[in-house]
Amino acid sequence: MMRNAWKWMTVIFVLLFLYLPILVLAVYSFTDATNIGAIRGFSLHNYVTLFTTPELVQMILGTVALAIGSALIATVLGTMGAIGAFYSRRGMASAITTMNQVPVVNADVVTGFSICILLVVVCGVSKDTFIPLVAGHVTLCAPFVFLSVIPKLKQMDSSIYEAALDLGATPFTALIRVVIPQIFPGIISGFAMAVTLSLDDYFVATYTKPATFDTISTYVVNATKGAQTTIKTALWALSTVIFLLVVLFSAVMNIRARGNGQRRTGV
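Residues numbered from 1 in each chain as written. Predicted model: local features only at pLDDT ≥ 70, side-chain atom pairs only at ≥ 80, totals over all residues. Heavy atoms only, no water.

### With respect to the overall build of the protein chain
Put simply, the test is: Helix and strand definitions follow DSSP, with helices as H or I runs of at least four residues and strands as E runs of at least two, each counted in order from the N terminus. Relative accessibility thresholds used throughout: buried, under 20% of the residue-type maximum; exposed, over 50%; partly exposed, between the two (1.4 Å probe, protein chains only).
For the protein chain, the helix and strand inventory stands at eleven helices and zero strands. Counted from the first residue to the last, the protein chain has its helices and strands arranged as α-α-α-α-α-α-α-α-α-α-α. In terms of overall dimensions, the protein chain has C-alpha extents of about 70 × 65 × 35 Å along its principal axes. By residue count, 33% of the 267 residues in the protein chain fall in the buried class.

Given below as structure tokens:
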């Protein structure tokens with residue numbers, strides 16, 4: 001009895017430690033308060049400011065466009081890398097997998113700085129373009145797509161691909177019509193993770209972004225150094241919106257996964 005009580009107390013403490021600051025921020029986003037402290041009257045002015053200020057709207061749309069574009073490129077590259085590693089010989093597959101681990105375990109600040117030196121200093125690419133920024137985010141996200149796709153490839157029955165070749169399909173046709181459908185859930189998971197990583201990134205964007213462009217992370221950090229009070233409180237609303245979208249997305253994915261599991265088991 002006491003053991004179960006301690007388990008529940010530990011779970012509750014961890015949940016409060018993780019989510020209480022976010023909930024406090026969400027509560028204050030619906031008030032007139034200009035600082036975290038005394039709660040004032042109910043108000044939606046933070047959300048009105050968030051969605052009516054051109055600077056904030058452009059920053060949000062630019063960040064979302066960057067995240068989706070980078071995630072699409074990273075998904076293609078990560079999926080191709082995973083398929084190539086899976087069908088390669090053991091030595092080559094091991095080398096590819098090891099190289100894929102480097103950006104994963106490497107610090108983001110090192111990745112961003114390296115991309116900046118390679119493209120801007122060595123290759124002469126102008127930092128006023130979005131090429132270094134997109135390349136940095138693709139480098140950051142593609143290894144995680146690789147890690148999402150590889151387990152699905154290992155779960156796949158490889159004889160299906162070989163059967164398609166025996167029946168006259170070309171390797172490309174067998175890849176598109178046999179392999180891709182089998183690993184599609186892993187591709188979707190990798191894409192979703194890539195979008196999340198791109199939205200969350202700060203260090204890579206700091207080193208590679210154009211001077212006139214801000215992502216959500218870089219804008220929030222800069223806003224704490226002297227932005228107007230109305231902008232700062234509008235960022236409370238932005239944090240709340242992002243949190244709710246993440247919760248909704250996670251719930252939908254879990255419900256969908258549970259439904260697929262029940263259909264497979266015939267329940």
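### Considerations on the packing of aromatic side chains
What counts, and what does not: Two rings from Phe, Tyr or Trp (for Trp, the six-membered ring) form a pair when their centres are within 6.5 Å of each other. A pair whose planes differ by under 30 degrees is stacked, one over 60 is edge-to-face, and the rest are tilted.
Scanning the model with the defined rule gives ten aromatic pairs in all. Aromatic side chains Phe86 and Tyr87 sit 5.0 Å apart centroid to centroid with 90° between the ring planes, which places their arrangement in the edge-to-face category. In this structure Tyr87 comes out as partly exposed when scored by relative accessible area, which is 38%. Here a set of aromatic residues connected by ring pairs shows up, and it is made of Phe30, Phe42 and Tyr47.

### Description of the packing of helix α2 (residues 45-52) against helix α3 (residues 54-86)
Each pair of packed helices gets described by two things: the angle between the helix axes and the distance between those axes. What counts, and what does not: Between N-to-C directions, angles cover 0 to 180 degrees, with each direction set by a line fitted to C-alpha atoms, over the stretch in contact for helices. Small angles under 35 degrees read as roughly parallel and large ones over 145 as roughly antiparallel, with 65 to 115 read as roughly perpendicular and the rest as oblique. Between two residues, a contact is recorded if the distance between any of their heavy atoms is within 4.5 Å. Note on residue classes: Ala, Val, Leu, Ile, Met, Phe, Trp, Tyr, Cys and Pro are nonpolar, Asp, Glu, Lys and Arg are charged, and everything else, Gly too, is polar.
Running from amino to carboxyl end, α2 crosses α3 at an angle of 70°, the nearest separation of the two axes being 5 Å. The orientation of α2 with respect to α3, classified from their angle, is roughly perpendicular. Between α2, through Thr49, Leu50, Phe51 and Thr52, and α3, the contact on the second element is made entirely by Pro54, Leu56, Val57 and Ile60. Classifying every residue of the contact of α2 with α3 gives six nonpolar, two polar and no charged.

### Overview of the packing of α3 against helix α6 (residues 131-155)
How we decide: If you view the pair so one helix is near and one far, a crossing is left-handed when the near helix is turned anticlockwise from the far one by less than a right angle, and right-handed when it is turned clockwise.
In contact at an axis separation of 6 Å, α3 and α6 are set at 45° when each is read in the N-to-C sense. The angle between the axes of α3 and α6 places the two elements in the oblique class. The handedness of the crossing between α3 and α6 comes out as right-handed.

### Quick look at the nonpolar core
Cut-off, in case you're wondering: Nonpolar cores were defined as sets of buried Ala, Val, Leu, Ile, Met, Phe, Trp, Tyr and Cys residues, with membership established by side-chain atoms within 4.5 Å.
The biggest cluster of nonpolar side chains holds 24 residues, and the ones touching the most others in it are Ala82, Val149, Leu153, Val179 and Ile183. Elements with a minimum of two residues in this core: α3, α6, α7 (158-166) and α8 (171-200). Among the elements that line this core, the one with the most residues is α6, at eight residues. The contact partners of Ile183, leaving out residues within four places of it in the chain, are Thr79, Ile83, Val149, Lys152 and Leu153. Judged by nonpolar contacts, the second largest core, of 13 residues, contains Leu56, Met59, Ile216 and Leu238.

### Remarks on the state of the cysteines
In plain terms, the rule: Two cysteine sulfur atoms form a disulfide, by the criterion used here, when they sit within 2.5 Å.
What the rule picks out here adds up to zero disulfides. Residue Cys116 stays outside any disulfide, its sulfur separated by 11 Å from that of Cys123, the closest cysteine. We note that Cys141 lacks a disulfide partner, and the nearest cysteine sulfur, in Cys116, lies 18 Å from it. For Cys141, a relative accessible area of 0% translates into the label buried.

### Examining helix α5 (residues 108-122)
Because each turn of an α-helix spans 3.6 residues, side chains separated by three or four positions in sequence point in the same direction. Our working rule: For a helix, the expected span equals 1.5 Å multiplied by the residue count minus one. An arc is given here, and it is the one of the directions from the helix axis to the C-beta atoms.
The end-to-end C-alpha distance of α5 is 20 Å, a good match for the 21 Å that 15 residues give at a rise of 1.5 Å each. Three or more residues of α5 are buried, namely Thr111, Gly112, Ile115, Cys116 and Leu119. Down the axis of α5, the buried side of the element spans an arc of 130°, and every buried residue falls inside it. Residues of α5 that are exposed and angled more than 90 degrees away from the buried face: Val121 and Val122. In this structure, the buried residues of α5 make contact with α6 and α9 (203-208). Count one or two residues on from α5 and you reach Gly124, which has phi positive near 75°.

### Structural notes on the environment of Asn100
Structurally, Asn100 can be placed in helix α4 (residues 90-105). On the basis of relative accessibility, which here comes to 10%, the residue Asn100 falls in the buried class. Here the alpha-carbon distance between Asn100 and Ala142, two residues 42 residues apart in the chain, equals 8.6 Å.

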